Amino acid sequence: MSHKNMTPRAFALMPAVDIQQGRAVRLVQGAAGSETDYGDPVQAARSWVDQGARWLHVVDLDRAFGSGSNADIVAKVVAAVRDHVEVVEVAGGIRDDESLAAALATGATRAVIGTAALETPDWVAAAIASHGDRIAVSLDVRGTTLAARGWTQEGGDLFETLTRLDEAGCARYIVTDVERDGTMEGPHFHLLHRVCKHTDRPVMASGGIAKLEDLHKLVEMMPDGIEGAIVGRALYDNAFTLADAIAAVQARFDFFEWGPPQP
């Protein structure tokens, strides 16, 4: 069933906890060496929950870049928050049965597959068939060209890949404009509109969110297919607080008359 024209229930506002060498960090445009250290990842995750987060996005950057693993810390983060949130998802370097099983074994609600969706499509289709909506696919984009291997390699055309993944039964997508991620320049709204027109699956927006007005615009796109947003640097750099973001989203959500729920 298409999600479009259905009554949205909530906007999934997801603080990001990106982990590199055991620390919570933020990168600019995914570039190694651009990181800012924000301390202990478990404390960061608990802080977001204490501030009202109901969703959380956790990324092992070292696994994504193929430079190491923070699997133990990811598991600790999930254990610390999973009983206090609706959804906690884990991402970074999930490319085979072993890494997928390890991600799901943490107790995370879902695992996010990135590069593998481009490099091993048959395996991803099998994973989706086995685990259904516990799998999300992250599509990182420059223009309409996908980026792979921690954004260091090109990975094909966005819309061709969306069509293939739709046919495989993918439940949802995370779409990140690599050129805006960590830049505080605002989301690529035109790209998100194009993605929502191309697929009937829910889309999480990621990259560039800098002000509350960005969240307002994304809430307005919910009938088109936007499910929520992953927010990183804006929260860590105190561009706005999580409480402010939650209030802004709720106010905008309440402003619309979405109509009666659909069966």
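Bringing the pattern of salt bridges into the picture now. Counted under the stated rule, the structure contains 9 salt bridges. Salt-bridge contacts for E89 lead to R110; the nearest nitrogen and oxygen are separated by 2.8 Å. Of the two residues, E89 is situated in strand β5 (residues 87-91) and R110 in strand β6 (residues 110-113); the sequence distance between them amounts to 21 residues. Across the pair, exposure class does not vary: E89 and R110 are buried alike.

Relative to the helices and strands, D62 resides in helix α2 (residues 61-65). Buried within the structure, D62 lacks any salt-bridge partner; its nearest side chain of opposite charge belongs to R63, at an N-O separation of 9.7 Å. Among the polar contacts listed, one links the side chain of D62 to the backbone nitrogen of Q21, at a separation of 2.6 Å. When near neighbours in sequence (up to four residues on either side) are disregarded, D62 contacts I19, Q20, Q21, S67, G68, S69 and N70.

Next up on the list: the layout of surface pockets. Within this model, the second largest pocket holds a volume of roughly 220 Å³. As for the second largest pocket, its lining consists of 15 residues, and the residues nearest its centre are R63, A71, S99, A102 and A103. Of all the secondary-structure elements, those providing two or more residues to the lining of the second largest pocket are α3 (71-81), β5 and α4 (97-105). A per-element tally of the lining of the second largest pocket places α4 first, with 4 residues. In the lining of the second largest pocket, the residues fall into 7 nonpolar, 5 polar and 3 charged.

Rules and cut-offs
- Residues numbered from 1 in each chain as written.
- Predicted model: local features only at pLDDT ≥ 70, side-chain atom pairs only at ≥ 80, totals over all residues.
- Heavy atoms only, no water.
- Salt bridge = Lys/Arg side-chain N within 4 Å of Asp/Glu carboxyl O.
- Helix = DSSP H or I, 4+ residues; strand = E, 2+ residues; numbered from the N terminus.
- Buried < 20%, exposed > 50% of the residue type's maximum accessible area, 1.4 Å probe, protein only.
- Lys, Arg positive; Asp, Glu negative; His and termini not counted.
- Polar contact = N/O pair within 3.5 Å; in protein donor to acceptor, adjacent residues only side chain to side chain.
- Contact = heavy atoms within 4.5 Å.
- 1 Å grid on protein atoms, 1.4 Å probe; cavity = no way out; pocket = protein on both sides within 12 Å on 5 of 7 lines; lining within 4 Å.
- Points joined across faces, edges and corners; volume = space filled by probe spheres on them.
- Nonpolar A, V, L, I, M, F, W, Y, C, P; charged D, E, K, R; others polar.

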